[in-house]
Amino acid sequence: MRGIEVFQEIIPLLKDEPVVHANGFICRESFALQDREENFYMIGSMGLASSIGLGVAICKPDRKVIVLDGDGNVLMAMGTLAMIGAEAPNNLVHVVIDNEVYESTGKQRSISNAVALEQVAKSSGYREALRVDKKEEIKPAFERLMNSEGPGFLLIKVEACFDPKTGRVTHTPEEIKERFMNTLLPH
Ligand SMILES: Cc1ncc(C[n+]2csc(CCOP(=O)(O)OP(=O)(O)O)c2C)c(N)n1
Ligand SMILES: [Mg+2]
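Reference entry: report on the structure contained in this document. (Residues numbered from 1 in each chain as written. Chains lettered and ligands numbered in written order. Predicted model: local features only at pLDDT ≥ 70, side-chain atom pairs only at ≥ 80, totals over all residues. Heavy atoms only, no water.)

With respect to the overall build of the protein chain
Alright, step 1. A count of helical and extended segments in the protein chain gives 8 helices and 8 strands.
Alright, step 2. Here the C-alpha atoms of the protein chain give a radius of gyration of 15 Å, agreeing with the 16 Å that 2.2 N^0.38 yields for 187 residues.
Alright, step 3. If one aligns the C-alpha atoms of the protein chain with their principal axes, the spans along those axes are about 40 × 40 × 30 Å.
Alright, step 4. A burial count over the protein chain gives 53% of its 187 residues as buried.
Alright, step 5. Long-range pairs, those at least 24 residues apart, make up 74% of the contacts in the protein chain between residues at least 6 apart in sequence.
Alright, step 6. As displayed, the protein chain has an accessible area near 8,700 Å², and 53% of this comes from carbon and sulfur atoms.
Alright, step 7. Across the protein chain, the mean location of the 21 positive side-chain charges is 1 Å away from that of the 27 negative side-chain charges. (Helix = DSSP H or I, 4+ residues; strand = E, 2+ residues; numbered from the N terminus. Rg over C-alpha atoms; globule rule 2.2 N^0.38 Å. Buried < 20%, exposed > 50% of the residue type's maximum accessible area, 1.4 Å probe, protein only. Contact = heavy atoms within 4.5 Å. Areas by Shrake-Rupley, 256 points an atom, 1.4 Å probe, with all protein chains shown as cover. Lys, Arg positive; Asp, Glu negative; His and termini not counted. Charge placed at Lys NZ, Arg CZ, Asp CG, Glu CD.)

In structure tokens, the structure reads:
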């Protein structure tokens, strides 16, 4: 399965949920497919989408919050899995696009082939942790986590095949933050 297929499956299932994206190609591919004001694109800082998502989930307990993460990002900030498990926000769904490499910087291999990240999440206290490797499994797994108490974790195994021609996010970090925060206001 290609990474882009994860977005193609998940984006049509979204309504107005805040989605916090990990840096690199994950932002770029999601932005290229469908920009949303509720998308927070982490430009530059690796490892932090999960802690930003945790903060939003704690502050906005009535909103379902989604983190779209990468295997390298998760490995860099593994302590955040423990923090999410300990805080246990029931409105957080943590999706990890696992291509077993740091693709955005040249496909250096990560160690996610040897570390079962979904088991780390489960042991850290996530209420449910699923692993899928087929496109048709994404929608039911994602919907299951969206409709149950969190925190939920969904590891999606993909090939490393982002298209390097995909453009960059054109909004400035300030614009991204402003419009994202506006979508979090009560409505
Ligand atoms: C602190 C920090 N270290 C390194 C980088 C460079 N960097 C940007 S994206 C990336 C790879 C991220 O890997 P992963 O989460 O697996 O996403 P993928 O690129 O595979 O989609 C790296 C190493 C960075 N931006 N910040
Ligand atoms: Mg990766």
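Focus on the packing of aromatic side chains
Alright, step 1. In the structure shown here, the tally under the stated rule is 4 aromatic pairs.
Alright, step 2. Summarising the aromatic geometry, the rings of phenylalanine 25 and phenylalanine 162 are spaced 5.0 Å apart at their centres and angled 20 degrees between planes, so their arrangement reads as stacked. Here phenylalanine 25, found in helix H2 (residues 25–33), pairs with phenylalanine 162, found in the loop between strand E8 (152–157) and helix H8 (173–183); they are 137 residues apart in sequence, far enough to count as distant.
Alright, step 3. Looking at phenylalanine 162, the relative accessible area reads 13%, which means it is buried.
Alright, step 4. Judged by centre distance (5.7 Å) and plane angle (90 degrees), the ring pair of phenylalanine 31 and tyrosine 41 falls under edge-to-face. Taken as a pair, phenylalanine 31 in helix H2 and tyrosine 41 in strand E2 (residues 39–41) lie far apart in primary sequence, 10 residues in all. A single burial state applies to phenylalanine 31 and to tyrosine 41, both of which are buried. (Phe/Tyr/Trp six-rings, centres within 6.5 Å; stacked < 30°, edge-to-face > 60°.)

Remarks on the pairing of strand E3 (residues 65–70)
Alright, step 1. E3 sits mainly inside the fold: 6 of its 6 residues count as buried.
Alright, step 2. Because side chains alternate across E3, one face comprises the buried residues Val65, Val67 and Asp69, and the other comprises Ile66, Leu68 and Gly70, equally buried.
Alright, step 3. For strand E1 (residues 19–21) and E3, the ladder comprises 3 bridges, and the chain directions are parallel. Looking at the pairing, valine 19 lines up with isoleucine 66 of E3.
Alright, step 4. Here E3 runs beside strand E4 (residues 92–98); their pairing, made up of 6 bridges, is parallel. From the neighbouring strand, valine 65 faces E4, where its bridge partner is leucine 92. (Pairing = 2+ DSSP bridges.)

Observations regarding the coordination of the magnesium ion (ligand 2)
Alright, step 1. The magnesium ion (ligand 2) binds to the protein through Asp71 (OD), Asn99 (OD1) and Val101 (O), with metal-donor distances spanning 2.1 to 2.2 Å.
Alright, step 2. Spacing between the donor residues of the magnesium ion (ligand 2) along their common chain follows D-x27-N-x1-V. Of the two residues, aspartate 71 is situated in helix H4 (residues 71–76) and asparagine 99 in the loop between E4 and strand E5 (101–102); the sequence distance between them amounts to 28 residues. Of the two residues examined, aspartate 71 and asparagine 99, each falls in the buried class. (Donors = N, O, S within 2.8 Å, 3.2 Å for Na, K, Ca; no water.)

Section: the sheet that holds E8
Alright, step 1. The 6 strands are arranged E2-E1-E3-E4-E8-E7 in an open sheet whose pairing can be described as parallel. The sheet terminates laterally at E2 and strand E7 (128–132), the two strands that pair on one side only. On average, each strand axis in the sheet is tilted by 15 degrees relative to the strand beside it, whichever way the strands run.
Alright, step 2. Contacts from helix H1 (residues 3–10) reach E3, E4 and E8 within the one sheet, and its direction differs from that of E4 by about 150 degrees. (Axes fitted to C-alpha atoms, helices over the stretch in contact; angles between N-to-C directions.)

Describing the environment of glycine 150
Alright, step 1. By the element assignment, glycine 150 lies in the loop between helix H7 (135–146) and E8.
Alright, step 2. Residue glycine 150 is classed as buried on the basis of its relative accessible area, which comes to 1%.
Alright, step 3. Considered as a pair, glycine 150 and valine 132 are 18 residues apart in the sequence and their alpha carbons are 18 Å apart.
Alright, step 4. Residue contacts for glycine 150: discarding those within four places in its chain leaves Pro89, Asn90, Leu92 and Arg127.

Scope: geometric values only; no functional claims are made or implied.
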